[in-house]
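Structure assessment
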Amino acid sequence: MTKESIYFIGTDIGTLGTKTVLVDINGQIIASDYAGYGVMTPQPLWAEQWPDIWFKAVSKTIKGVVEKSKVPKTQINGLTISGLYAGSGIPCDENMKPLRPCLIWMDRRATEEVKWVKKNIGEEKIFDITANYIDSYYGFTKILWIKNNEPDIWKKIKYLITPYAYAIYHLTGNISMDYSSAGNIGGIFDINKKDWSIDLLEEMDIPRGFFPEKLSGSAEVVGKINTSGAGFTGLAEGTPVCAGGVDAAVATLSAGVFDEGDHVAMMGTSMCWGFIHNGQRYSKNLISMPHVAYPEEKVYTFAGAATAGGIIKWFREQFAQIETNMGSLIDVDAYPILDLEASKIPAGSEGLVVLPYFMGDRAPIWDVNARGTICGLTLYHTKAHIFHAFLESVAYALRNCIEYGTATGMKLKKEIKMVGGATKSELWKGILADVTKFPITCVTGGGEAAYGDALLSAVGVGAVENYEVINDWLSFEDSIKPRSSNVEVYDAYFEQYVKIYHSLKDSMDNLSQI
């Protein structure tokens, strides 16, 4: 087999859909496929998904790229699967049958568990061991919720595994967990020892046996495609499968980020902005986990917005039926049509400020009761104004994350690398640059977590020497620079964005209790 006939697959299980890419040894995407699905929200601020929906999407999209590419399956040398942060993990019985839907990162039901941990263990101890805060975002509080509220399920649990570990099991028969996933569970992982904290597990009465005996690097081969896995995917039996990692960290890797001060915004259903460091930039306002590249040495620290692309999708579904119908007639999505009208609106949306807290929010504000808000409406304002303000709200959230990041003492490099759906919108990218005051540089011909997964496959099977080869794979668009005419305007609006949230915080808390 020549070097030119070596291929790799990367698959990312997202909150609203799974994407798979097939990549050659030079990083060229040969084929891609996507499958969408939804999230169950049985109560306000609850969010859960059955894992078989994820696995069907994984199987479909892998088979899709194999068929589309017409690459012989014997030339596909590795597969890596990443995924959304799975919160509680999938509770499985001894036969690996899911016992209930997975409480995903978006779920915020574990409020009483947060209070218990704060009172009985304390923020300082949790932070000293895990470098993370106590919040219902984290998996360990969701695990405690299952223990406290579903005892019949709790006593049947044999394993708690991630969405991608669930897929890996069904493709290889092996159970695995990578360092980034363990770290993102929060309150039971010792980030200094890179292992579970037996002390904290015992204090919370969470069995160590729920998790695999061994933690793996994201590029480590943890199994090979078995007979049934070959049937699901169209891959050859014996194809190596790597451990994978949390999608935000893998997406950061996909932008070629390795050094202190490098920072990336992943703009998907949620927004994750993060930077790389060597373990000196921890903060209770931010989330930290071992990075997917060099997990023993490097840390990925991030904050974000729980609903970024999610609120833009919500806006389209609730208020853009005309644009959706128009787009279907000309085979164009509704978003470019919405962008076209919103591009006529000036910076600041003529007095509108939106708070994008439609599912509460995690780092950096850590407020489960935060709510989406439109402030400043008059009869003058149009749908275009409101849509423009929605785009601005995510930019304000990004700037807020950056300010908390720089408060750790991290000196950020002079550009934000960006991956994800927002990169398709020239309007949105311009707003993001103007609000943050950072040039926005987007990856072309790659980017996103599935592409980073393909790199992990190449590293894991030894086809490339190191992660840094991705810098030879990538190309970038010209940077979108902040427009001086808008920067001063957005400084004033950002100040109001922060003040409005703090002014309404008590009312939001009260509304959540009524």
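What counts, and where the lines are drawn
- Residues numbered from 1 in each chain as written.
- Predicted model: local features only at pLDDT ≥ 70, side-chain atom pairs only at ≥ 80, totals over all residues.
- Heavy atoms only, no water.
- 1 Å grid on protein atoms, 1.4 Å probe; cavity = no way out; pocket = protein on both sides within 12 Å on 5 of 7 lines; lining within 4 Å.
- Points joined across faces, edges and corners; volume = space filled by probe spheres on them.
- Nonpolar A, V, L, I, M, F, W, Y, C, P; charged D, E, K, R; others polar.
- Salt bridge = Lys/Arg side-chain N within 4 Å of Asp/Glu carboxyl O.
- Buried < 20%, exposed > 50% of the residue type's maximum accessible area, 1.4 Å probe, protein only.
- Helix = DSSP H or I, 4+ residues; strand = E, 2+ residues; numbered from the N terminus.
- Core = buried A, V, L, I, M, F, W, Y, C linked by side-chain atoms within 4.5 Å.
- Contact = heavy atoms within 4.5 Å.
- Disulfide = S-S within 2.5 Å.
- Pairing = 2+ DSSP bridges.
- Axes fitted to C-alpha atoms, helices over the stretch in contact; angles between N-to-C directions.
- Patch = residues over 30% accessible without salt bridge, like charges linked within 9 Å, V, L, I, M, F, W, Y side chains within 5 Å.
- Areas by Shrake-Rupley, 256 points an atom, 1.4 Å probe, with all protein chains shown as cover.

Another point: empty space enclosed by the protein. The tally for this structure, following the rule as stated, stands at 3 cavities of 30 Å³ or more. Of the volumes computed, that of the largest cavity is approximately 80 Å³. Taken together, 14 residues form the lining of the largest cavity, with Ala86, Gly87, Gly89, Thr162 and Ile185 sitting closest to its centre. Across the lining of the largest cavity, the residue classes tally to 9 nonpolar, 5 polar and no charged. Considering the residues around the second largest cavity, the lining is formed by Gly304, Tyr357, Asp361, Arg362, Ala363, Pro364, Ile365, Ala397, Asn400, Cys401 and Tyr497.

The full count for this structure, using the stated rule, is 28 salt bridges. A salt bridge links Lys155 to Asp152; the shortest N-O distance between them is 3.8 Å. We classify Lys155 as exposed; its relative accessible area is 64%. With a relative accessible area of 51%, Asp152 lands in the exposed category. Ionic pairing is found between Glu317 and Lys313, a salt bridge with its closest N-O pair at 2.5 Å. With a gap of 4 residues between them, Glu317 and Lys313 both fall in helix α11 (residues 309-319), about one helical turn apart. The exposure class assigned to Glu317 is partly exposed, which follows from its relative accessible area of 42%. In the salt-bridge network here, residues are joined through shared partners; they are Glu48, Arg100, Asp107, Arg109 and Glu150.

A few words now on the nonpolar core. Membership of the largest hydrophobic core comes to 183 residues, with the highest contact counts inside it found for Trp196, Ile206 and Phe211. A per-element tally of this core places helix α14 (residues 383-406) first, with 12 residues. Contacts of Trp196, omitting those with residues within four sequence positions, involve Met177, Ala182, Ile185, Ile188, Phe189, Asp190, Leu201, Arg208, Phe211, Pro212 and Leu215.

The next subject is helix α10 (residues 247-254). When you tally the buried positions in α10, you get 8 out of 8 residues, the bulk of the element. Taken together, the buried positions of α10 are Asp247, Ala248, Ala249, Val250, Ala251, Thr252, Leu253 and Ser254. Phi turns positive, to about 75°, at Gly256, one or two residues after α10.

Take the side chain of Arg399 next. Within the secondary structure, Arg399 sits in helix α14. We classify Arg399 as buried; its relative accessible area is 11%. Setting aside chain neighbours within four positions, we find Arg399 in contact with Val435, Thr436, Lys437, Tyr490, Asp491 and Phe494.

Let us now look at the state of the cysteines. Tallied over the entire structure, the rule returns 0 disulfides. Not part of a disulfide, Cys92 finds its nearest cysteine sulfur in Cys102, a span of 9.3 Å.

Pairing in this open sheet of 6 strands is mixed, and the strands run β3-β2-β1-β5-β12-β11 from one edge to the other. Since the sheet does not close on itself, it has two edges, and those belong to β3 (29-36) and β11 (221-224), each with one partner. Each strand of the sheet is rotated relative to its neighbour by a mean of 20°, with strand direction disregarded. As paired strands, strand β1 (residues 7-13) and strand β2 (residues 17-24) are joined by 7 bridges and run antiparallel to one another. Directly across from Gly10, in β2, lies its bridge partner Val21.

Turning our attention to a nonpolar patch on the surface. On the surface, Ile322, Met326, Leu329, Ile330 and Val332 cluster together into a nonpolar patch covering about 520 Å² of accessible area. The topology assignment puts Ile330 in helix α12 (residues 321-330). Residue classification places Ile330 among the exposed positions, given a relative accessible area of 55%.

Turning our attention to the sheet that holds strand β21 (residues 475-476). Taken together, 7 strands build an open sheet; the order of strands is β15-β16-β14-β13-β19-β20-β21 and the sheet is mixed. The open sheet has two edge strands with one neighbour each: β15 (287-290) and β21. Of the strand pairs in this sheet, strand β13 (residues 263-267) and strand β19 (residues 416-420) are connected by 4 bridges, and their pairing is parallel. Within β19, the position partnered with Met267 by the bridge is Gly420.

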